[in-house]
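# Structural characterization, general
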Amino acid sequence: MIGFDAILASFGAAFTFHSIAVIFGGVLLGYIVGVIPGLNRSVAIAIAIPLTFYMSAYAAIAFLIGLSKGTAAGSAVSAILLNTPGEPSSAATCLDGYPLARSGKPRKALKVGLLASVVGDLLATLLLIAVAIPFAAVALKFGPYELAAILIFALVFIAGMAGGSFLKGLAAGGMGVILGTVGLDPETGAMRLTFGYAELMEGVPILPLVIGTLALSEMFVQLEEYRRNKDADVIRLSKNADDDLSYGEFKGTLPTIFKSTGIGAFVGALPGLGPSVGAFMAYGFAKRSAKNPDSFGKGNPNGIAAAEAADNAVIPASYIPLFGLGIPGSVSAALLVGAFMIHGIQVGPLMLRDHPEMLFTIFSGMIVASLLMLAIGWYGLRIFAKVTSVPPNIVIPVVIFLCLAGIQVQGYGTFGLIVVFGFAIFGYFLKKFDYSFVTFLVAFIVTPMLEMNLRQSIILSGGEISILLERPIALVFVIITALMVLHLGWSSYRRNASRRAAS
Amino acid sequence: MYLKRLSTAIVATAMAVGVAQADDFPSQPLTLVVGFGAGGSTDIQARVLANVLEEELGQPVNVVNQPGAGGGVALSRLAVNDDEGYTFVFGTSMTITYGPLSTETNYQLDDFRYVAGVTLGQSAMVTGEDRPFGDTWEGLIEYAKENPGTSYATQTALDRMIIEYIAQQEGLDLRIVPTSGGAGMAPLILSGDVDFAYSGGTHSGYADSGEMPVLLSLAEDRLVAFPDAPSIQEAGYDINPAEIRVVMVPQNTPDGHVERLAEALEVATQDERFIEITEERILMPVVYMDEDEVTQTLSDQVTGYRALLEELGGVPGEDDED
């Protein structure tokens, strides 16, 4: 399908000065965003997408992936020094990172976190490369029946796993589906839910929706929190000579790093679970399987290593369903789909056939990003320690400006601004009432694909449900989905009943 | 000496000003709108065209995809645009010829100026390998007569009308499924889920591998890359759905701007990169057609489609869908 020469050439393309510079920029920016509490990954990607319009498709994707990876590594810094995770997923890093830093060894804590991040990220990237290609080769043979069944499965799975109540997950997903059907009907060309707005003919514009729900609404939430707690105790790096990480100590954490990477990669490959689940699962596993579980939570380097390795492993692993099936399993993967679309590439198994060189260049770019992450984190330790104290009263207005500028750059005009603010308010309430974001966003992104495949299946089969008997893969997914709905529905009913009995 | 230098300077300045006035357009970045999804053949071609125009016009040309309604979304936006040529649509002629006939649109043929035609379309009815009916049009028709429910994937309202017309002529009972663009059609044909399909240009990419044989040419003549398949007229259907890839601007665009764009487009049709992507990658002949020629051809086609619709008794798809 693709020769060795071509693969080599794609790697060559990722190692040019230009692409390294772009990835470096992405990782660096991601690192800074990760370090600053209150600025998170999805905010950063959402506002960075408009910046990538002027890059080539490859550079844009490499930049965004670098950004995404950088945030995961950078977030450890504020978790360790501030006891405030830079990303929600680094909350587990606080547990041991902050105590270790307080006991006078901040540098050691930071270095364990960084090395664990890099190893976790690198290994998971290699796993992605190894798994995504055979996956896509199989997925290429899927027809509309299989795709419709898998998409429905993925949506229900995400609704059930993304945390909180299953019903709320379904509600968020349903909202995404409804918004995803706005625009022209693919078969008859009839207008749906456009309310006479020509701007809505091609659907709700993705960029204002993403920037509104993810970035702008997050700033509203931050604003509220900023009013509540204004002070935090920053630990500064000292010149203490024995505050460093020895090779022996690093070697001691390696088994934990490997195991946690495995857990993180597994969690990442399943759609909807996300890095927080991965980090806490790995932390819990490391604690339980340790010889001295009591030392966890008091500054055990293994605790930091477990949380950070898993946190970082989730990111590349979450791209497995994206490149393999075209289904985004996380917010950052969903945003990448949007970025790919803007740059004229349909992400998914077809990429392997139509743009193999692009796929391999992205993969090699991801490896470059891992290595740059190590360099940036290692040499920038001191600087990033200072960045933690950038006050929110600077961060919040800057981000709000970037959100609105991004919409204007794309030429959405006044309509775009209305959409952004509408979705910012919508996103704010999603957050306040704990409705799942991932489910909403993924549902919105995959709905056009789901609708097309479902309608094709129904017409092709002539409406006969028995077609599923000839399509074993689709049948399996339909059955699993049905069982999952029953299980999740039943367990949430039970939980509600017991809560009611208790009160 | 001093005077001479001064006069040279004056002349130079005057010339510079003169040039600047004549080349006033374009003085800011342009937007090339593609009415189809990213990754399709129109999109691939548009991106190269934009690069060539960028050099020719001396301003950035940004490509924006506004997919939907077979290119109709982009045109309905262009119809209300008064950018004076800074925003133009690069698309296929059927959107403007058949679009207003099949759906309610806010635009008509004479709402736009057709700056130039740059490529002749090579659309076709295609199928996959190892089908029970082989890879000939007669084979397919025979098979479909015996097998009600033979499936066809449609992408545009025009090919939907053509297939309905053919089904009526031949007495076929087809299952017609919608799909979006060549990227949506290809998997359906390659996996064997659909028996045959409309293809705007995607089949050309499979000319060498033979994975997507052409049954029927929808151009005026046989296709360059598939000389064995008959044209639609040779197969006995009185339709001329030949497509032209054209650049369109709103009717109110100043003459000077249209001329400048037309000049740049004529240069583009001689540019190696544009010829290479068009003739070697998507396998369509590059032909430059000026504004008058394109406008005449399009208006003839509209007349033809009108007559066909009368024969069919209305636009297909509307009565069996509610």
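Refer to the structure printed above.
Quick summary incoming for the structure in this document. (Residues numbered from 1 in each chain as written. Chains lettered and ligands numbered in written order. Predicted model: local features only at pLDDT ≥ 70, side-chain atom pairs only at ≥ 80, totals over all residues.)

Before going further, it helps to examine the packing of helix α5 (residues 91–102) of chain A against helix α12 (residues 301–317) of chain A. Residue and element names in this part refer to chain A. Direction vectors running N to C along α5 and α12 enclose 150°, while the axes themselves pass 8 Å from each other. Taken together, the axes of α5 and α12 lie roughly antiparallel to each other. The handedness of the crossing between α5 and α12 is left-handed. Where α5 approaches α12, its residues A92, T93, L95, D96, G97 and L100 are matched on the opposing element by P301, G303, I304, A307 and E308. Grouping the amino acids of the contact of α5 with α12 by side-chain chemistry returns 6 nonpolar, 3 polar and 2 charged. (Axes fitted to C-alpha atoms, helices over the stretch in contact; angles between N-to-C directions. Helix = DSSP H or I, 4+ residues; strand = E, 2+ residues; numbered from the N terminus. Parallel < 35°, antiparallel > 145°, perpendicular 65-115°, else oblique. Left-handed = near helix turned anticlockwise from the far one by under 90°. Contact = placed C-beta atoms within 7 Å. Nonpolar A, V, L, I, M, F, W, Y, C, P; charged D, E, K, R; others polar.)

Time to look at the nonpolar core. By size, the foremost hydrophobic cluster in this structure holds 164 residues, and its most contacted members are I61(A) and I211(A). Aside from chain neighbours lying at most four places away, what touches I61(A) is L336(A), A339(A), F340(A) and I362(A). Of all hydrophobic cores here, the second largest spans 86 residues; its members include V126(B), I189(B), L215(B) and F226(B). (Core = buried A, V, L, I, M, F, W, Y, C linked by C-beta atoms within 7 Å. Buried ≥ 20, exposed ≤ 12 C-beta atoms within 10 Å, placed from the backbone.)

Moving on, we get to the packing of helix α7 (residues 144–161) of chain A against helix α20 (residues 437–460) of chain A. Residue and element names in this part refer to chain A. Orientation of α7 relative to α20, taken along the N-to-C sense of each, is 150°, at an axis distance of 8 Å. Taken together, the axes of α7 and α20 lie roughly antiparallel to each other. α20 is crossed by α7, and the crossing has left-handed handedness. Between α7 and α20, the residues in contact are P144, Y145, L147, A148, L151, I152, L155, I158 and A159 and V438, T439, V442, A443, V446, M449, L450, N453, L454, Q456, S457 and L460, respectively.

Below, the discussion takes up the sheet that holds strand β6 (residues 150–154) of chain B. With mixed pairing, 5 strands are arranged side by side in an open sheet as β7-β6-β8-β5-β9 (chain B). The strands lining the two open edges of the sheet, one partner per strand, are β7 (174–178) and β9 (214–217) of chain B. Taken pair by pair, the neighbouring strands of this sheet meet at an average axis angle of 25°, ignoring direction. Docked against the sheet, α20(A) engages β6 and β7 of chain B, running at close to 180° with respect to β7(B). Packing against the sheet, helix α6 (residues 137–146) of chain B makes contact with β5 (124–127), β6, β7, β8 (196–199) and β9 of chain B, and its axis sits at approximately 105° to β9(B). (Pairing = 2+ DSSP bridges.)

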